[in-house]
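Each chain, written out:
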Amino acid sequence: MIRNVCRNTAVASEDNPSLATNISEYKIGHTTYIVETHFNLGCKETLDDIIKRLISRDVERLQFAV
């Protein structure tokens, strides 16, 4: 079971105010994972758009592989 045990905190860094860091802590079984992600606050593309684009690319690759 995956459970988020910490609040996600996204803040722009002093070095680059348009780049935010998000740190999440997940506990799976007896193991705790600390995941740090970075994303651009000035990005015009939504997460939905990015996921759709990635899925489309994968589908195209699969079609050409067959």
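Each chain carries its own residue numbering, running from 1 in the direction its sequence is written. Per-residue local features are limited, in this predicted model, to residues with pLDDT of at least 70; the limit for side-chain atom pairs, both in listing and counting, is 80 or more; totals at the level of whole chains, interfaces and linings are taken over all residues. Based on all heavy atoms of the structure, the side-chain values leave hydrogens and waters out of the count.

### Remarks on the overall build of the protein chain
Filter applied, for reference: Secondary structure is summarised from DSSP: a helix means a run of H or I of at least four residues, a strand means a run of E of at least two, and numbering begins at the N terminus for each. Only protein chains enter the area calculation, which uses a 1.4 Å probe; residues under 20% of their type maximum are buried, those over 50% are exposed, and those in between are partly exposed. Any pair of residues with heavy atoms lying within 4.5 Å of one another is described as a contacting pair. Working definition of accessibility: Shrake-Rupley area with a 1.4 Å probe, residue cover restricted to the visible protein chains.
In terms of regular secondary structure, the protein chain is built from 1 helix and 4 strands. Secondary structure elements in the protein chain, listed N-terminal to C-terminal, are β-β-β-β-α. Buried positions account for 6% of the 66 residues belonging to the protein chain. Within the protein chain, counting contacts between residues at least 6 apart in sequence, those at least 24 apart form 17% of the total. Of the roughly 5900 Å² of accessible surface on the protein chain, a fraction of 57% belongs to carbon and sulfur atoms.

### A short note on a nonpolar patch on the surface
Under the convention used in this document: In this analysis, a patch consists of residues with relative accessible area above 30% that form no salt bridge, clustered at 9 Å for like charges and at 5 Å for the nonpolar side chains Val, Leu, Ile, Met, Phe, Trp and Tyr. The salt bridge criterion pairs a side-chain nitrogen of Lys or Arg with a carboxyl oxygen of Asp or Glu, the two atoms within 4 Å.
Together, Leu47, Ile51, Ile55 and Val59 line one region of the surface with nonpolar side chains, adding up to about 370 Å² of accessible area. Checked against the element boundaries, Leu47 lands in helix α1 (residues 47-65). Residue classification places Leu47 among the exposed residues on the basis of a relative accessible area of 60%.

### Side note on the pattern of salt bridges
Within this structure, the stated rule accounts for 2 salt bridges. For Glu45, the salt bridge is made with Arg53, and the minimal N-O distance between the two is 3.0 Å. What makes Glu45 partly exposed here is its relative accessible area of 32%.

### A closer look at the confidence of the model for the protein chain
Put simply, the test is: In predicted models, pLDDT denotes the confidence assigned by the predictor to each residue on a 0 to 100 scale.
Overall, the prediction assigns the protein chain a mean pLDDT of 76, with 68% of residues at 70 or greater. Element-level pLDDT for the protein chain is lowest in strand β1 (residues 2-4), with a mean of 47, against a maximum mean of 89 in α1. Across residues 4-8 the pLDDT falls below 50, and counting only partners more than four positions away or on other chains, this stretch makes 9 contacts in the model.

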